[in-house]
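Chain residues, written in single-letter form:
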Amino acid sequence: MQPRNSRLNSSALRGAVDLAAVKAAGEAAQKAEQARVERARQAAADEAAGVAPAQSAYALVIDVTEDTFEAEVVQRSTEVPVVIDFWAEWCGPCKQLSPILEGLAEEYAGRFVLAKIDVDANPLISQQFGIQGIPAVMAVVAGQLVPLFQGAESAANVRKVLDQLILVAEQRFGVVGGAGVPGEAPDAAPQRPEDPALAAAHDALDSGDLGGAVQAYRNVLADQPGNTEARLGLAQAELLQRIESVDPQAVRAAAAADPKDVEAQLRAADLDLVGGHVEDAFGRLVDTVGRTAGEDRDAARLRLLELFEVIGPEDPRVTAARTALARVLF
């Protein structure tokens, strides 16, 4: 992604949503499959040479440290969803939850990998993830953080969360896990040709032609109303288009000076989201819906729904905000 202006570039959305994921969704599945094939082939070669495979080559449960996090979690997440179990030896609830997670990792046979992180031994990772209590469970899919839950849960509840995570990984990011068997190289999946109209929309977004991207995504949706990639791309392009020429300091000053200024709150919410402050953006708009009526209320509600599209309906933060919105509406 190229910078769009002096105040905004693609990195501004890190932590909120990865714009590149829209274009890369189809490519991710192919790359993941190629990586699995290469891993299996390498394992077969190592086995023939009498070389022991690394701990994480096919293990479904791995211990991760600050030194191995990049390779074991971030890079691996392009091939398979990586579920992270933050735990500590002194934590009683962790001793209840960890065996459940480990058992499900074996049961799911490679559809996800469980990465265990001792928070006492790896404080930097804990700080970066904002861990305030354990056990805490998060996931990384295609390099994107997906918060899951905190505290001990039953196996049935954890299974529901994992099923949803796997579905999101496949449908939104094109990441499909699968059991790996040393010495067996699966056949590579055929590459799906990309829709030319969708490719043109992605290219327009990447080049900074926001108006062109918006129109191109709308054209795709006119023919394919259910196209998830196009819907996500349109929401992102419209968001970037709205904030392209705003003065962030002026917007935030106006929003702080008058909570009843709906337009200022809408602009500030856009900036919150782009800055990665997803909960702040949602909370601002929910509060605005709660204190307004008529057209102002509709404007805030519709903007909130648009931002839900940018983050994705499966994200737990969207689920929580929908519940909060329902409370103020009804």
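Here, every reference points to the structure presented above.
Before going into details, it helps to say that this report is about the structure given with it. Owing to the predicted nature of the structure, the values given are computational and were not obtained by experimental measurement. (Residues numbered from 1 in each chain as written. Predicted model: local features only at pLDDT ≥ 70, side-chain atom pairs only at ≥ 80, totals over all residues. Heavy atoms only, no water.)

### Observations concerning the state of the cysteines
Link 1 in the chain: A full pass over the atoms with the stated rule returns one disulfide.
Link 2 in the chain: Paired by a disulfide, cysteine 91 and cysteine 94 hold their sulfur atoms 2.4 Å apart. As the torsion about the S-S bond is roughly 80 degrees, the cysteine 91-cysteine 94 disulfide counts as right-handed. Residue cysteine 91 shares its accessibility class with cysteine 94, and that shared class is buried. (Disulfide = S-S within 2.5 Å. Buried < 20%, exposed > 50% of the residue type's maximum accessible area, 1.4 Å probe, protein only.)

### Regarding the pattern of salt bridges
Link 1 in the chain: Under the criterion given, the structure shown has 13 salt bridges.
Link 2 in the chain: Ionic pairing is found between arginine 159 and glutamate 107, a salt bridge with its closest N-O pair at 3.1 Å. Of this pair, arginine 159 sits in helix 5 (residues 155–173) while glutamate 107 sits in helix 3 (residues 92–108), placing them 52 residues apart in sequence.
Link 3 in the chain: Arginine 159 sits in the partly exposed class, given a relative accessible area of 29%.
Link 4 in the chain: One salt bridge in this structure joins arginine 303 and aspartate 270, with 3.1 Å as the shortest N-O distance. Placement of arginine 303 in helix 12 (residues 294–311) and of aspartate 270 in helix 10 (residues 262–274) is noted, with a sequence separation of 33 residues between them. (Salt bridge = Lys/Arg side-chain N within 4 Å of Asp/Glu carboxyl O. Helix = DSSP H or I, 4+ residues; strand = E, 2+ residues; numbered from the N terminus.)

### Remarks on the packing of aromatic side chains
Link 1 in the chain: Here the structure, examined in full by the defined rule, presents four aromatic pairs.
Link 2 in the chain: Both rings, one in phenylalanine 69 and one in phenylalanine 129, keep their centres 5.7 Å apart while their planes meet at 75 degrees; by these two values the pair is edge-to-face. Here the residue phenylalanine 69 occupies a position in helix 2 (residues 69–75), and phenylalanine 129 occupies one in helix 4 (residues 123–129), the gap between them amounting to 60 residues.
Link 3 in the chain: By relative accessible area, phenylalanine 129 is classed as buried at 16%.
Link 4 in the chain: Judged by centre distance (5.0 Å) and plane angle (85 degrees), the ring pair of phenylalanine 282 and phenylalanine 308 falls under edge-to-face. Here phenylalanine 282 is found in helix 11 (residues 278–291), whereas its partner phenylalanine 308 is found in helix 12, with 26 residues between them in sequence. A single burial state applies to phenylalanine 282 and to phenylalanine 308, both of which are buried.
Link 5 in the chain: An aromatic cluster is present here, built from Phe69, Phe86 and Phe129 joined pairwise through their rings. (Phe/Tyr/Trp six-rings, centres within 6.5 Å; stacked < 30°, edge-to-face > 60°.)

### Section: the environment of aspartate 120
Link 1 in the chain: By secondary structure assignment, the location of aspartate 120 is in the loop between strand 3 (113–118) and helix 4.
Link 2 in the chain: Distance from aspartate 120 to tryptophan 90, taken between C-alpha atoms, is 9.7 Å for residues 30 residues apart in sequence.
Link 3 in the chain: Sequence-distant contacts of aspartate 120, defined by excluding residues within four places in its chain, comprise Ala88 and Trp90.
Link 4 in the chain: Side chain to side chain, aspartate 120 and tryptophan 90 meet in a polar contact 2.8 Å long. (Contact = heavy atoms within 4.5 Å. Polar contact = N/O pair within 3.5 Å; in protein donor to acceptor, adjacent residues only side chain to side chain.)

### Looking at the packing of helix 9 (residues 248–257) against helix 10
Geometrically, a packed helix pair is captured by the angle between its two axes and the distance between the axes.
Link 1 in the chain: Two numbers describe how helix 9 lies on helix 10: the axes approach to 8 Å, and their chain directions differ by 130 degrees. Taken together, the axes of helix 9 and helix 10 are oblique relative to one another. Viewed along their axes, helix 9 and helix 10 form a crossing whose handedness is left-handed. Residues Pro248, Val251, Arg252, Ala254 and Ala255 of helix 9 pack against Ala264, Gln265, Arg267, Ala268, Leu271 and Asp272 of helix 10.
Link 2 in the chain: Among the residues forming the contact of helix 9 with helix 10, the class breakdown is seven nonpolar, one polar and three charged. (Axes fitted to C-alpha atoms, helices over the stretch in contact; angles between N-to-C directions. Parallel < 35°, antiparallel > 145°, perpendicular 65-115°, else oblique. Left-handed = near helix turned anticlockwise from the far one by under 90°. Nonpolar A, V, L, I, M, F, W, Y, C, P; charged D, E, K, R; others polar.)

### Topic: the packing of helix 11 against helix 12
Link 1 in the chain: The contact between helix 11 and helix 12 brings their axes to 8 Å, and the two run at 160 degrees. The orientation of helix 11 with respect to helix 12, classified from their angle, is roughly antiparallel. Considering how the two elements wind past one another, helix 11 and helix 12 form a crossing that is left-handed. Taken together, the residues of helix 12 that come into contact with helix 11 (itself represented by Val278, Ala281, Phe282, Leu285, Val286, Thr288, Val289 and Gly290) are Arg297, Ala300, Arg301, Arg303, Leu304, Leu307, Phe308 and Ile311.
Link 2 in the chain: Here the residues of the contact of helix 11 with helix 12 are counted per class, giving eleven nonpolar, two polar and three charged.

### Some details on the environment of histidine 202
Link 1 in the chain: When you line up the elements, histidine 202 lands in helix 6 (residues 196–207).
Link 2 in the chain: Remark: the alpha-carbon pair of histidine 202 and alanine 213, spanning eleven residues in sequence, is separated by 7.0 Å.

### Details of the nonpolar core
Link 1 in the chain: Leu273, Phe282, Leu304 and Leu307 are the most contacted members of the largest nonpolar core, which totals 30 residues.
Link 2 in the chain: Among the elements of the structure, helix 8 (228–243), helix 9, helix 10, helix 11, helix 12 and helix 13 (316–329) are those that each provide at least two residues to this core.
Link 3 in the chain: Apart from the residues within four sequence positions on either side, leucine 307 is in contact with Leu239, Arg242, Ala269, Asp270, Leu273, Ala281, Phe282 and Leu285. (Core = buried A, V, L, I, M, F, W, Y, C linked by side-chain atoms within 4.5 Å.)

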